[in-house]
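Inside the fold
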Amino acid sequence: MIEIDRLTKTYVMGDEVINALAGVSLDIDPGEHVAIVGPSGSGKSTLMNVVGGLDRPSGGAYRFEGEPVAEFDDDELASFRNRRIGFVFQSFQLLPRLTATQNVELPMIYAGIPPTERRERAVELLERVGLGHRLNNRPTQMSGGQQQRVAIARALSNAPDLLLADEPTGALDTSTGQEVLALFDELNAQGLTLCIVTHDTEVAERAKRRVAFRDGHIVTDERS
């Protein structure tokens, strides 16, 4: 699914040049459950941003199911993100004035899905993540774990090929975090390709493959 060859990402901050990615090569197959681990500043979140089309590499090649993502223009990147990738963030990124259903519907609006179909799919996804009783609640009326489940439902709204999660349990208590991780395990068992960026060893150990970063390089790549 993912083919990355000698990928680089360089930032210039004043007189300092930071090599966030220093020639990374990595392949990920469909259906894998991968944890990207490493200390702060190691390059793991930079890689996720490039893979998800949120940022552009400075050099190297990145193909997603044969599509040359590294060469996409802005419109092509926006379409790629909407069609192929689902995102889950530590801070949920829900719109506070919208209900759970409306938050899940949002990506489908950009995809041009008709209103009735949007509504039906949003309800179906919220029921799938155990929130069928919270359809009309706003984020401020839900716990952190419930908000993260809404975010997961939203990430699934356009049936993505890849789910990217950046520290998805970082803002949750241990019990709630375990529930979210169990949901991820279930989605992966159903065939969804899953890539989780984390510094939490317990989260990483649930993955079937662990790729460790340090100073912009991959230092280990292990499969369980």
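Look above for the structure.
Remember, it's a predicted structure, so these values are computed and weren't measured experimentally. (Residues numbered from 1 in each chain as written. Predicted model: local features only at pLDDT ≥ 70, side-chain atom pairs only at ≥ 80, totals over all residues. Heavy atoms only, no water.)

Let's talk about the overall build of the protein
Secondary structure assignment for the protein yields seven helices and ten strands. In terms of overall dimensions, the protein has C-alpha extents of about 50 × 40 × 35 Å along its principal axes. Here the protein holds 224 residues, and the buried ones make up 49% of them. For the protein, the accessible surface area stands at approximately 10,700 Å², while carbon and sulfur atoms represent 46% of it. (Helix = DSSP H or I, 4+ residues; strand = E, 2+ residues; numbered from the N terminus. Buried < 20%, exposed > 50% of the residue type's maximum accessible area, 1.4 Å probe, protein only. Areas by Shrake-Rupley, 256 points an atom, 1.4 Å probe, with all protein chains shown as cover.)

Notes on the sheet that holds strand E7 (residues 162–166)
Sheet architecture is open: six strands sit in the order E6-E7-E8-E3-E9-E10, paired in mixed fashion. Each end of this open sheet is capped by a strand with a single partner; those strands are strand E6 (85–89) and strand E10 (217–223). Put simply, the sheet's adjacent strands are angled 15° from each other on average, direction ignored. Pairing analysis gives five bridges linking E6 to E7, with the strands arranged parallel. Across the sheet, Ile85 pairs through a bridge with Leu162, a residue of E7. Taken strand by strand, helix H1 (residues 44–51) contacts strand E3 (33–37), E6, E7, strand E8 (193–198) and strand E9 (209–214), and its axis lies near 150° from that of E7. Here helix H5 (residues 144–155) sits on the sheet in contact with E6 and E7, set at roughly 165° to E6. (Pairing = 2+ DSSP bridges. Axes fitted to C-alpha atoms, helices over the stretch in contact; angles between N-to-C directions. Contact = heavy atoms within 4.5 Å.)

Notes on the pattern of salt bridges
This structure, assessed with the given rule, holds 13 salt bridges. One salt bridge in this structure joins Arg84 and Glu65, with 2.2 Å as the shortest N-O distance. Of this pair, Arg84 sits in helix H2 (residues 74–84) while Glu65 sits in the loop between strand E4 (59–64) and strand E5 (67–68); the two residues are 19 residues apart in sequence, bridging distant segments of the chain. Its salt-bridge partner being Glu105, residue Arg118 comes within 3.5 Å of it at the nearest N-O pair. Within this pair, whereas Arg118 is found in helix H4 (residues 115–128), its partner Glu105 is found in helix H3 (residues 100–110), the two being separated by 13 residues in sequence. Judged by relative accessible area, which is 15%, Arg118 ranks as buried. The buried category is assigned to Glu105, whose relative accessible area is 11%. Salt bridges sharing partners connect three or more residues here, namely Glu65, Glu67, Arg83, Arg84 and Asp161. (Salt bridge = Lys/Arg side-chain N within 4 Å of Asp/Glu carboxyl O.)

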